[in-house]
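A structural walkthrough
So you can see what is in the structure, the chains are spelled out below.
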Amino acid sequence: MTTEHGRPPAGRWHDGTPAVELRAVRRTYKGRQGTVEALRGVDLVLGKGTFSAVMGPSGSGKSSLLQCAAGLDRPESGTVLLGGQDITALGENRLTRLRRRRVGFVFQSFNLLPSLTVLQNVLLPQRLSGERQDRSRARELLAQVGLPDHADRRPGQLSGGQQQRVAVARALITRPEVVFADEPTGALDTRTAQEVLGLLRQAVDVMGATVVMVTHDPAAASCADRVLFLADGMLVDELSRPDARSVAGRMAALTGPSAGAAA
Ligand SMILES: Nc1ncnc2c1ncn2[C@@H]1O[C@H](COP(=O)(O)OP(=O)(O)OP(=O)(O)O)[C@@H](O)[C@H]1O
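Residues numbered from 1 in each chain as written. Predicted model: local features only at pLDDT ≥ 70, side-chain atom pairs only at ≥ 80, totals over all residues.

Taken together, Tyr29, Gly31, Val36, Ala38, Gly56, Ser58, Gly59, Ser60, Gly61, Lys62, Ser63 and Ser64 make up all the residues around the ligand. Elements supplying a minimum of two residues to the shell around the ligand: strand S1 (18–31), strand S2 (34–47) and helix H1 (62–69). Sorting elements by how many residues they give to the shell around the ligand places H1 first, with 3 residues. When its residues are assigned to classes, the shell around the ligand shows 3 nonpolar, 8 polar and 1 charged. (Near = placed C-beta within 6 Å. Helix = DSSP H or I, 4+ residues; strand = E, 2+ residues; numbered from the N terminus. Nonpolar A, V, L, I, M, F, W, Y, C, P; charged D, E, K, R; others polar.)

Written out as structure tokens, the structure reads:
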């Protein structure tokens, strides 16, 4: 796998099948300050084999959207479907099993286990879900993310960019239908960020995965097929085949002095 990414070969894997669907999803938080409506009725369909970026001002509901879509959190009301299956109707144990087998995660802070080797970290989702641990696939993925000789090292011996590559390999080990990435490049320098984005892009283009990525960075968002813009818990805009300049322009409209009017 190279780490370059260009424009997606549009629709190579995307046949119109929905990978993730949100229907009238609401999420509220009750706190001392009162009730916060983090998501106020979000409807969304993300096609199989597509790369979507989620952007919006701070507090607009991006993480809440990702958490609900990934089955890490439950909406107050509304429905979330993964591969056509209603995950909001599942009990905790079945939801956990489904997440482990069918969903991959990449976080800003890498979240590798320091006491495990790189190879063991990549195999962890299979170990947790009780599947056979496929060491040859793990080594293959490590080679694809550019770390063929790092399997026996510990995460602490790797750079931030290398750790995030391991996290991408780990996210892909179970051949998940959807990879959810929350600010995956937030802790990386520009060049390393581009390399990690290239790996996510290739997961879509080569493996047919569906990627959903929250980001604050217009350059990162421009690697996606589609950018969704949230404001005040609602989807207010979107861009297809984005470039960094147009993404930055839309964001400025949401965060600038007349943002209320734009949203
Ligand atoms: N656990 C919680 N308890 C109370 N309020 C919460 C909680 N989590 C999120 N919120 C509130 O819900 C709203 C949406 O939060 P969310 O984290 O989804 O936004 P975000 O767009 O991801 O923000 P950021 O870009 O700053 O990470 C915010 O007003 C936030 O304060």
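Attention now moves to the packing of helix H5 (residues 160–172) against helix H6 (residues 190–205). It is at 10 Å that the axes of H5 and H6 come closest, and there the two elements cross at 10°. Judged on the interaxial angle alone, H6 and H5 are roughly parallel. Residues Gly161, Gln164, Arg165, Val168 and Leu172 of H5 pack against Thr192, Glu195, Val196, Leu199, Leu200 and Ala203 of H6. The residue inventory of the contact of H5 with H6, partitioned by class, reads 6 nonpolar, 3 polar and 2 charged. (Axes fitted to C-alpha atoms, helices over the stretch in contact; angles between N-to-C directions. Parallel < 35°, antiparallel > 145°, perpendicular 65-115°, else oblique. Contact = placed C-beta atoms within 7 Å.)

Attention now moves to the UniProt feature "domain: ABC transporter" (unreviewed entry) in the chain. When the UniProt feature table is mapped onto this chain, "domain: ABC transporter" (unreviewed entry) is found at residues 20–257. Along residues 20–257 the backbone is 36% helical and 28% strand, and the end-to-end C-alpha distance reaches 34 Å. (UniProt positions renumbered as here; feature names shortened; annotations may be inferred.)

Summarising burial for strand S7 (residues 178–182): 5 of the 5 residues are buried, a large majority. Side-chain alternation along S7 places Val178, Phe180 and Asp182 on one buried face and Val179 and Ala181 on a second face that is also buried. One crossover worth recording links S7 to the parallel strand S8 (residues 210–214) by way of H6, and it is right-handed. (Buried ≥ 20, exposed ≤ 12 C-beta atoms within 10 Å, placed from the backbone. Right-handed = clockwise from strand over helix to strand, strands pointing away.)

Before going further, it helps to examine the sheet that holds strand S4 (residues 77–82). Read from one edge of the open sheet, 4 strands run S2-S1-S4-S5, paired in antiparallel fashion. Looking along the sheet, the strands with just one partner apiece sit at the ends: S2 and strand S5 (85–86). (Pairing = 2+ DSSP bridges.)

A few words now on the sheet that holds strand S9 (residues 226–231). Across the sheet, 6 strands lie side by side as S6-S7-S8-S3-S9-S10; this open sheet has mixed pairing. Strands at the two margins of the open sheet, each flanked by one partner only, are strand S6 (103–107) and strand S10 (234–240). When strand polarity is set aside, the average angle formed by the axes of neighbouring strands in this sheet is 20°.

To continue, consider the packing of helix H3 (residues 118–128) against helix H4 (residues 135–144). In contact at an axis separation of 10 Å, H3 and H4 are set at 115° when each is read in the N-to-C sense. The angle between H3 and H4 falls in the class roughly perpendicular. Crossing of H3 against H4: the hand is right-handed. Together, Val118, Leu119, Val122 and Leu123 of H3 and Arg135, Ala138, Leu141 and Leu142 of H4 make up the contact between the two elements. Split into classes, the residues belonging to the contact of H3 with H4 amount to 7 nonpolar, no polar and 1 charged. (Left-handed = near helix turned anticlockwise from the far one by under 90°.)

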